[in-house]
Amino acid sequence: MKKSKLLALILAASMVLATSGCGFTGTASSAAASGPAQSEGTAKTSDGTITVYDTNEIRTMVQWAASDNNSFTILNNVSEGLYRLNEKHEPEPALAESYKVSDDKLTYTFTLRDGLKWSNGTALTAKDFVFSWLKQMSTDATNGYSFIMTDYIVNGAEYLDNKAKAEDVGVKALDDKTLEVKLKQPTPYFVRLTVLPMFFPLNEEYVKSQGANYGLKAENMIYCGPYTLATYDPASGSTLKKNDSYWDAANVKVSNVNVRIIKEQATALNAYKSGELSRVTLSSSDVPAMKSSAEFSSTSEFRTNYLQFNLANKAVSNKNIRLALGYAVDRATLADVVLADGSAPATGLIANGMYGDGTKSFRGLNGDITTFDAAKAKEYWEKGVKELGSAPSLTLLTEDDSVTKTVATYIQGEFKKNLGIDVKIDSKTKKAKNQLMDDNNYQMAVTAWGADYDDAMTYMDLWTNGTPYRGNYKSDTYNSLIADAKKQTDDAKRLQDMLSAEKTLVSEDAVVSPLFYRGFAYLTKPSVENLVTHPFGPPIEFKYASLK
Amino acid sequence: MFKYICKRIVYLLITLLIIVTTTFFLMKKLPGTPFDAERFSLLSAAQQAQFLEKYGLNDPVIVQYGKYIGNVFRGDFGTSFFYTGQPVSGVILGRIGPSALIGVQAILIGLSIGLILGIIAAWRHNSGIDYFTMVVAVLGVSVPNFVAAALLQYYVGLKWGVLPVAFWQSWKSSVLPSIALSFGVTAMIARFMRTEMLDVLEQDYIITAKAKGLNQFKVLMRHAVRNSIIPVVTILGPIVVNLLTGSLAVENIYSIPGIGSLFVDSIKTNDYSTIMGITIFYSAFYIFVVMVVDILYSVIDPRIRLASGGKGE
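Residues numbered from 1 in each chain as written. Chains lettered and ligands numbered in written order. Predicted model: local features only at pLDDT ≥ 70, side-chain atom pairs only at ≥ 80, totals over all residues. Heavy atoms only, no water.

Caption draft 1: Region of the structure containing the overall build of chain B. Looking only at helices and strands, one finds 13 helices and zero strands in chain B. In chain B, the succession of α and β elements from N to C terminus is α-α-α-α-α-α-α-α-α-α-α-α-α. Taking all 313 residues of chain B together, 49% fall into the buried category. The long-range fraction of contacts in chain B, counting pairs at least 24 apart against all pairs at least 6 apart in sequence, stands at 73%. (Helix = DSSP H or I, 4+ residues; strand = E, 2+ residues; numbered from the N terminus. Buried < 20%, exposed > 50% of the residue type's maximum accessible area, 1.4 Å probe, protein only. Contact = heavy atoms within 4.5 Å.)

Caption draft 2: Structural view of the overall build of chain A. In terms of helices and strands, chain A carries 20 helices and 21 strands. Taken over C-alpha atoms, the radius of gyration comes to 26 Å for chain A, in line with the 24 Å a tight globule of 548 residues would show. Principal-axis analysis of the C-alpha atoms gives chain A an extent of 85 × 75 × 45 Å. A buried classification covers 57% of the 548 residues belonging to chain A. Long-range contacts, defined as pairs at least 24 residues apart, comprise 69% of the intrachain contacts of chain A with a sequence gap of at least 6. Carbon and sulfur atoms make up 50% of the accessible area of chain A, which amounts to about 21500 Å² in all. Averaging the locations of the 60 positively and 65 negatively charged side chains of chain A gives two centres separated by 4 Å. (Rg over C-alpha atoms; globule rule 2.2 N^0.38 Å. Areas by Shrake-Rupley, 256 points an atom, 1.4 Å probe, with all protein chains shown as cover. Lys, Arg positive; Asp, Glu negative; His and termini not counted. Charge placed at Lys NZ, Arg CZ, Asp CG, Glu CD.)

Caption draft 3: Local environment of the packing of aromatic side chains. Residues and elements named next belong to chain A. Taken as a whole and assessed by the stated rule, the structure comprises 36 aromatic pairs over all chains. With a centroid separation of 5.1 Å and an interplanar angle of 90°, the aromatic rings of Trp 133 and Phe 199 are classed as edge-to-face. You can see Trp 133 sitting in helix α4 (residues 126-136) and its partner Phe 199 sitting in the loop between α7 (190-193) and α8 (204-210), a full 66 residues away along the chain. Three or more aromatic residues joined by ring pairs make a cluster, and in this case those are Tyr 83, Tyr 99, Tyr 108, Phe 110, Phe 129, Trp 133, Phe 190 and Phe 199. (Phe/Tyr/Trp six-rings, centres within 6.5 Å; stacked < 30°, edge-to-face > 60°.)

Caption draft 4: Up close: the sheet that holds strand β7 (residues 178-182) of chain A. All names here are of chain A. Read from one edge to the other, the open sheet built from four strands follows the order β4-β5-β7-β6, with strand pairing classed as antiparallel. The open sheet terminates on both sides in strands that have one partner only, identified here as β4 (96-101) and β6 (171-175). Strand-to-strand, the axes of this sheet are offset by a mean angle of 25°, without reference to chain direction. Pairing between β4 and strand β5 (residues 107-112): five bridges, direction antiparallel. Its bridge partner lying in β5, Tyr 99 is registered against Phe 110. In this fold α4 packs onto β5, β6 and β7, with an angle of close to 170° to the strand it touches most, β6. (Pairing = 2+ DSSP bridges. Axes fitted to C-alpha atoms, helices over the stretch in contact; angles between N-to-C directions.)

Caption draft 5: Examining the sheet that holds strand β9 (residues 237-242) of chain A more closely. Residues and elements named next belong to chain A. Ordered in space as β1-β10-β9-β8, the four strands form an open sheet in which the pairing is mixed. Every other strand in the sheet has two partners, leaving β1 (49-54) and β8 (227-233) as the edge strands with one partner each. Sheet twist, expressed as the average angle between the axes of neighbouring strands with direction ignored, equals 15°. For β8 and β9, the ladder comprises six bridges, and the chain directions are antiparallel. Within β9, the residue paired with Tyr 227 across the bridge is Lys 242. This element, helix α3 (residues 69-78), spans β1, β8, β9 and β10 (256-261) of the sheet and lies at about 145° to β8.

Caption draft 6: Looking closely at the interface of chain B and chain A. With 52 residues of chain B in contact, the opposing surface of chain A contributes 62 residues. Between chain B and chain A, roughly 4800 Å² of surface is buried when both sides are summed, and carbon and sulfur atoms account for 60% of that area. Looking only at chain B, the three residues that lose the most surface to chain A are Arg39(B), Phe167(B) and Gln169(B), adding up to 15% of its buried area. Applying the counting criterion to the chain B and chain A interface returns two salt bridges. For the salt bridge of Lys263(A) with Asp265(B), the shortest nitrogen-to-oxygen distance reads 2.5 Å. Between the two partners, chain B and chain A, sit twelve residue pairs in polar contact (both at pLDDT 80 or more). (Buried area = accessible area lost by both parts, 1.4 Å probe. Salt bridge = Lys/Arg side-chain N within 4 Å of Asp/Glu carboxyl O. Polar contact = N/O pair within 3.5 Å; in protein donor to acceptor, adjacent residues only side chain to side chain.)

Caption draft 7: Focus on a negative patch on the surface. Together, Asp438(A), Asp439(A), Asp36(B) and Glu38(B) line one region of the surface with negative charge. As for its position among the elements, Glu38(B) is in helix α2 (residues 37-41). (Patch = residues over 30% accessible without salt bridge, like charges linked within 9 Å, V, L, I, M, F, W, Y side chains within 5 Å.)

Caption draft 8: Highlighting the packing of helix α12 (residues 319-327) of chain A against helix α15 (residues 374-388) of chain A. Residue and element names in this part refer to chain A. α15 packs onto α12 with a crossing angle of 155° between their chain directions and a minimal axis gap of 7 Å. Classed by the angle they form, the pair α12 and α15 counts as roughly antiparallel. Viewed along their axes, α12 and α15 form a crossing whose handedness is left-handed. Seen from α12, the contacting residues are Asn 320, Ile 321, Leu 323, Ala 324, Leu 325 and Tyr 327; seen from α15, they are Ala 374, Lys 376, Ala 377, Tyr 380, Trp 381, Lys 383, Gly 384, Val 385, Glu 387 and Leu 388. Looking at the contact of α12 with α15, its residues break down into eleven nonpolar, two polar and three charged. (Parallel < 35°, antiparallel > 145°, perpendicular 65-115°, else oblique. Left-handed = near helix turned anticlockwise from the far one by under 90°. Nonpolar A, V, L, I, M, F, W, Y, C, P; charged D, E, K, R; others polar.)

The values are spatial; any link to function lies outside them.
What follows is the structure, given as structure tokens:
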């Protein structure tokens, strides 16, 4: 007996050891935020806390390294740019109170608000923007987003290549409150870029004092947004607290926000039902049962899933074949019945709701340029087959995640139904699929692009360089339209260029065939109001939210 | 005993070095890079160069290996690629706690229930309780732990509201995952204990003990159990390691920031430094557990003499 007692003792000791270091996220530093959560039964949303989740870890809080939506969500709520997206996803003055643009549309002068402060009490000045933007245009930036500045700002690209000095770059602090930005070409959407996390300010003195520790923990950062970070754990999530030194603190109504990490959809739904979450995203299979609920809503993003044809491949190099394949897919059924997750059927490459001319959206202006027409599909197919001499055998390359596979299977069925052809599906991991496309080793692929910013250019200049990934598309007409749009000072003419370019790419040359705009269906607790989800850039906005 | 332990520790280090070396070179054969190819291609040449330089990926693999080993001896496991800039040791240490706690609790639950069931089943051979134990054992082994986890979450967490549905906030959060993980342990221990006990109960010395007039309970505990427990101790080693490493599904279901999911994610994202860090941790832990089990043998059964050349394996 003595010996088995020893065994028990060893086990007990190891348990004590383990418990001492088990790191519950609800203890110590975040006790205030998660304390109420433990009172069972009541939804924690009733005491000034909103809890949302992400399906992936929050990779980094360092803004020049961050490139994923989960990091953006946090950064956007603990920091702020010159402008911030409002509830309607339009930019409105944030740290800047206004801006002026010169007649040649190349110089922007932003005026900051009075009395801006970082969360540690330091004054926030125009210099903080200069430091942060130069950092984003330096070799230190690892998020792959330097282009979003160097494409526009004078000498930005040269600075990145060490061919220009910091003082030659077109971003300057004229005084504490005035930031001057010089652009290479007229960019009507420049102000809409300043809402993105890459454009947020950073305090040079503070960042340098932290060195390699900057952004690793909540206490290694200072904040200027509606919230401050109370705790940050990449794996279990973050807790946010209202920032009292924020200029618009009076309008921030929810005092605590939790962002958790939940990888299992079923877990998220259970947590939502038990009152642990304020909002849950639904999978397609849950939508029918929940659709009639008052808590249900859905939204689509600026992210287009499309068929990319490889013009270097003999079979699909025939335009009639491409047109036939494009006409053969019923996108309404795909989005509403097959996906049924809030996704919207694509009627063009540029997603619903993207900026057009200020009164109408781009999509509204260019109309439905992608349509389903079984009769036309058949007609073009027969023409194409005649030109080729025989019916080509086709393979559709796709990623192996369940949604994309569902989409591919549906398209395969549509080709069979409307064209009477058997198309093979080649499903690969994301990496392998991208590799095949880069290696010019595919016929057509289901792929997607999400907008980096709210302008059609975020899509359109992808097809100007004729890479295999973009189907080896080389068109002088298209390239000159995009080139003209990039230097055009007349906004109306620029818009016309962009509208024509989309038509050229999609309906005339049929290089891509848009399928759907990705959407989300979710449930939100009735007590939560105005929890805004943006269709691009930083996804969730807590600033406007309130609790009943 | 001391000499024996020292010798074992030397072996441990050698084994570890072999494992680290093998893993390092195999890992470099993984397809892809730690970087998202699309994002990486968006970096300028200078940015790419600085990035590779920072992580030492410009050097030939053999040089990288040399540097890595050197750093490990200095206690530096590098920084994670996936969690940009976070030190690997910090990432791993932060994740061990939750996995260790639910693992240890699962073993304690599984061990106590399994031993009791096994002993009673053997003692009351071919009775109702024996059949019951065997049904439990078959269920415990054949029902995957994530099914148990999902069921417990739905009923105990959501329907009855007794314990948290998920997350890692207080000790209560660890109860359901521990129970979910313990089923397999219970089943395995019960089966082993029963078989071994049945064997031991047939032995002459049990009959002798009974003949001496010892009461039933004492015979069972002092003579039968102690002699049956050795195989159980043997399988305990792998079980301990398994629970700490193989609880990925349960960790995901309960949204626990444990090490199981970290390991899988680090391999999926080619996070070289984290893969290496976890490999070192796992193998060191495994070898250590095997050593502890060997030492436990001698404690339980004095016939196994470690110091005098017994290998114990």
